[in-house]
Amino acid sequence: MTAIPDPISDVDEQWPVVRSADLHRDDWIMALRADWVDRPDSPEEEPFRRVVLEHPGAVIVLAVDDEDRVLCLWQYRHAVGRRFLELPAGLCDVEGEDPVVGAQRELREETGYAAEEWEHLTSAYTSPGILSEVIHIYLARGLREIGRGDFEPHHEEADMQVLWVPAQELVEGVLDGRVTDAPVIMATLIARGRGLLGGVSSERSVAR
């Protein structure tokens, strides 16, 4: 059994996989597979089955202007039959690409804005019991409108609305349970907790 580190933190670990079987795989970047896993140092136990949804990861952008407003999206999500207040986001679907580059592209394509300053807030696993997705959350500042270029929205994105939400209103919506998108909650509370939203710290780690 792996010792719990001090100070507390997550650690990488890989249990033996006896065999795997694809449950669904096609030309899309996501796939569903089943693994049969051995628990280490337990040879008397039978391998147990775990279903894994393979996901390339995603980027999330908390874009904040000089008036402490957050650039948000209003978007329908079919899987849960709900329209969400969201942040600009997208898949990490370019192999080998630095996530911040993907974040910059998604901000431009979804909102028509670019940012001068980029700070990595955190990376987080959204549902590690079944999903391999890791999301990379960035704070973006120094915003300017540049247009979407040749990007053409389709499907849900064609119905998506872009809006500015005052930071304090967003924080209150998260704390009151009215705003329920997990990446929005994470980005908002981390930035607020570090003094980067609704009372911005002058010290920032900037990536360009």
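Structure: above.
The structure contained in this document is the topic of the report that follows. (Residues numbered from 1 in each chain as written. Predicted model: local features only at pLDDT ≥ 70, side-chain atom pairs only at ≥ 80, totals over all residues. Heavy atoms only, no water.)

Looking at the nonpolar core
Filter applied, for reference: Joining through side-chain atoms within 4.5 Å is the link that ties buried Ala, Val, Leu, Ile, Met, Phe, Trp, Tyr and Cys residues into a set, and such a set is a nonpolar core. Each residue is placed in one exposure class: buried if its accessible area under a 1.4 Å probe, protein chains only, is under 20% of its type's maximum, exposed if it is over 50%, and partly exposed if it falls in between. Secondary structure elements follow DSSP: runs of H or I no shorter than four residues count as helices, runs of E no shorter than two count as strands, and numbering proceeds from the N terminus. The contact criterion used throughout is that any non-hydrogen atoms of two residues lie within 4.5 Å.
Counting residues in each nonpolar core, the largest one holds 24 residues, and the members touching the most others are Leu62, Val70, Leu87, Leu121 and Leu197. The greatest single-element share of this core, amounting to 4 residues, is contributed by helix α2 (residues 167-176). Among all residues touching leucine 62, those that are not within four sequence positions of it are Val70, Leu87, Leu121, Tyr138, Leu139, Ala140, Ala187, Ala191 and Leu197.

Notes on the packing of aromatic side chains
Test applied: Note on aromatic pairs: the rings of Phe, Tyr and Trp (six-membered ring only in Trp) are paired at centre separations within 6.5 Å, and the planes decide the class, stacked below 30 degrees, edge-to-face beyond 60, tilted for the rest. Working rule: Lys NZ or Arg CZ, within 6 Å of ring centre, within 35 degrees of ring normal, means a charge sits over the ring.
Taken as a whole and judged by the stated rule, the model has 3 aromatic pairs. Plain terms: the ring middles of tyrosine 113 and tryptophan 164 are 5.5 Å apart, the flat faces sit at 90° to each other, and that makes the pair edge-to-face. Here tyrosine 113, found in strand β8 (residues 113-125), pairs with tryptophan 164, found in strand β10 (residues 161-166); they are 51 residues apart in sequence, far enough to count as distant. Tryptophan 164 sits in the partly exposed class, given a relative accessible area of 25%. Above the plane of the ring of tryptophan 164 lies arginine 69, whose end atom (NZ or CZ) is 4.6 Å from the centre.

Structural notes on the pairing of strand β9 (residues 134-145)
Rule in force here: If DSSP finds at least two bridges between two strands, the strands pair.
Taking burial as the measure, the 12 residues of β9 include 9 buried ones, the bulk of the element. Both strand β4 (residues 58-63) and β9 contribute to a ladder of 6 bridges, which runs parallel. Each bridged residue has a counterpart across the sheet, and for alanine 58 the counterpart in β9 is isoleucine 135. Looking at chain direction, β8 and β9 are connected through 11 bridges and run antiparallel. Following the sheet pairing, glutamate 119 is matched in β9 by leucine 139.

Regarding the pattern of salt bridges
For the record, the criterion: Note on definitions: salt bridges are taken to be side-chain nitrogens of Lys or Arg within 4 Å of carboxyl oxygens of Asp or Glu.
Following the criterion strictly, the structure yields 13 salt bridges and no others. Arginine 69 serves as the salt-bridge partner of aspartate 65, at 2.7 Å between the closest nitrogen and oxygen. When the shortest N-O distance is used, the salt bridge between arginine 144 and glutamate 116 registers 2.6 Å. Here the residue arginine 144 occupies a position in strand β9, and glutamate 116 occupies one in strand β8, the gap between them amounting to 28 residues. Residue class for arginine 144 comes out partly exposed when judged on its relative accessible area of 40%. The class of glutamate 116 is partly exposed, set by a relative accessible area of 37%. One connected set of salt bridges, linked through shared partners, spans Asp22, Arg25, Arg33, Asp35 and Glu54.

These figures capture arrangement, not role.
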